[in-house]
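Structural description and commentary
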Amino acid sequence: MTISLNQTGKRFNYDWIFRGVTFTFRDGERYAILGPNGSGKSTLLQVISGYLHHNEGTVTYSTPEKPIENDAFFRYSAIATPYLELVEEFTLTECLQFHLQFKNFLPGITASKAMQLVGLEKAANKQIRYFSSGMKQRIKLALAIFSDVPVLLLDEPCTNLDMAGIALYRQLIDEYCGHRMLIISSNDEQEYAMCPHRISILDYKK
Ligand SMILES: Nc1ncnc2c1ncn2[C@@H]1O[C@H](COP(=O)(O)OP(=O)(O)OP(=O)(O)O)[C@@H](O)[C@H]1O
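Rules used in this analysis
Residues numbered from 1 in each chain as written. Predicted model: local features only at pLDDT ≥ 70, side-chain atom pairs only at ≥ 80, totals over all residues. Helix = DSSP H or I, 4+ residues; strand = E, 2+ residues; numbered from the N terminus. Buried ≥ 20, exposed ≤ 12 C-beta atoms within 10 Å, placed from the backbone. Contact = placed C-beta atoms within 7 Å. Near = placed C-beta within 6 Å. Nonpolar A, V, L, I, M, F, W, Y, C, P; charged D, E, K, R; others polar. Pairing = 2+ DSSP bridges. Axes fitted to C-alpha atoms, helices over the stretch in contact; angles between N-to-C directions. Core = buried A, V, L, I, M, F, W, Y, C linked by C-beta atoms within 7 Å. UniProt positions renumbered as here; feature names shortened; annotations may be inferred. Expected span 1.5 Å × (residues − 1).

Our next topic: the environment of Ser200. Checked against the element boundaries, Ser200 lands in strand β9 (residues 197-200). Assessed through the 13 C-beta atoms surrounding it within 10 Å, Ser200 is described here as partly exposed. Residues Ser200 and Thr8, spaced 192 residues apart in sequence, show a C-alpha to C-alpha distance of 15 Å. Beyond its immediate stretch of four places on either side in the chain, Ser200 contacts Leu34 and Gly35.

Written out as structure tokens, the structure reads:
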């Protein structure tokens, strides 16, 4: 999978958040999008994911075999972001089952194994509305990282996690990210230390 941005820009109303982003994200590589609060890291990640539309330039996706239509890219990627809320009425089991209607987990990962791997097996039948913010974040990470897709997009992945949660996050990336493309938007080194490629959003302010 390759994701190519060419002179890509995004604005909200009259405010350009970034402009002139020309960059190619490649298969199996790990990237961090960096910048201060409010600089546009999450916005760029959402433009890459196709969740937000860009206002100028292009975003294109392709595999070695064929180009991927923009509105089909969601099948090839999974995103964990504070912007997307879990369905509060579901129990954890229902939440995972719902997700599995749209995306498979990696081979060998079942819903119950996923819960166990993020330390939430005892909460299987609890409604999401009663989960703590850190527990919700563990679910978001599980849904993204265990999805069997070639591209993982993580927005501030350690939000609300305690020390044990941060260690768990790093372990999940080590064990389950494999050779998939990983793009993390962050301003916290412990979230993106594993990403050798760094993109500063401040380079795209015009
Ligand atoms: N839907 C929206 N409508 C208008 N402005 C928005 C919208 N979403 C984000 N913004 C603005 O875009 C800018 C970039 O926001 P973004 O969340 O991408 O920043 P960030 O770098 O991820 O910040 P943080 O580190 O605080 O998470 C901010 O000024 C924000 O207020």
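Okay, back to it.
Moving on: the site of the ligand. The full set of residues close to the ligand is Phe12, Ile17, Gly35, Asn37, Gly38, Ser39, Gly40, Lys41, Ser42, Thr43, Ser185 and Asn187. If you tally residues by element for the shell around the ligand, the top one is helix α1 (residues 41-49), at three residues. When the residues that make up the shell around the ligand are grouped by side-chain class, the tally is two nonpolar, nine polar and one charged.

Strand pairs in the sheet, formed through backbone hydrogen bonds, run parallel or antiparallel to each other. The strand order β2-β1-β4-β5 describes an open sheet built from four strands, whose pairing is antiparallel. A single partner strand is all that each edge strand has here, and the edge strands are β2 (15-25) and β5 (67-68). Examined bridge by bridge, strand β4 (residues 56-62) and β5 share two bridges and lie antiparallel to one another. Along β5, the bridge assignment pairs Ser62 with Pro67. Those strands touched by α1 are β1 (2-12), β2 and β4, and its axis lies near 125° from that of β1.

This paragraph deals with α1. In terms of burial, α1 is largely enclosed, as nine of its nine residues are buried. Regarding α1, the residues found buried are Lys41, Ser42, Thr43, Leu44, Leu45, Gln46, Val47, Ile48 and Ser49. Gly50 sits one or two positions beyond α1 and adopts a positive phi of about 90°.

Attention now moves to the nonpolar core. Core analysis: the biggest nonpolar cluster contains 51 residues, and Ile33, Ala142, Ala144, Leu152, Leu153 and Ile183 have the highest contact counts within it. In terms of residues, this core owes the most to one element, helix α4 (residues 133-145), which gives six residues. Excluding its chain neighbours within four sequence positions, the residues that come into contact with Ala144 are Ala78, Ile79, Ala80, Leu152 and Leu154.

Here, the residues flagged by UniProt with the feature "domain: ABC transporter" (unreviewed entry) are residues 3-202. Summarising residues 3-202: 28% helix, 27% strand, and an end-to-end C-alpha distance of 20 Å.

With that settled, consider the sheet that holds strand β7 (residues 151-155). An order of β6-β7-β8-β3-β9 is seen for the five strands of this open sheet, with the pairing classed as parallel. A single partner strand is all that each edge strand has here, and the edge strands are β6 (77-80) and β9. Averaged over neighbouring strand pairs, the angle between their axes works out to 15° when direction is ignored. As defined by bridge partners, strand β3 (residues 30-34) adjoins β9 across four bridges and the pair is classed as parallel. By the bridge assignment, Leu34 is partnered in β9 with Ser200. Docked against the sheet, α1 engages β3, β6, β7 and β8 (181-186), running at close to 150° with respect to β8. Packing of α4 onto the sheet brings it into contact with β6 and β7, and relative to β6 it is tilted by some 170°.

Along an α-helix, residues three or four apart share an orientation, since each turn contains 3.6 residues. Taking 1.5 Å of rise per residue, the 13 residues of α4 would be expected to cover 18 Å, and the 18 Å separating its terminal C-alpha atoms lies within 8% of that figure. Restricting attention to buried positions, one finds in α4 the residues Gln137, Arg138, Ile139, Lys140, Leu141, Ala142, Leu143, Ala144 and Ile145. Lining the buried residues of α4 we find β6, α2 (92-100), α3 (111-117), β7 and α5 (163-177).

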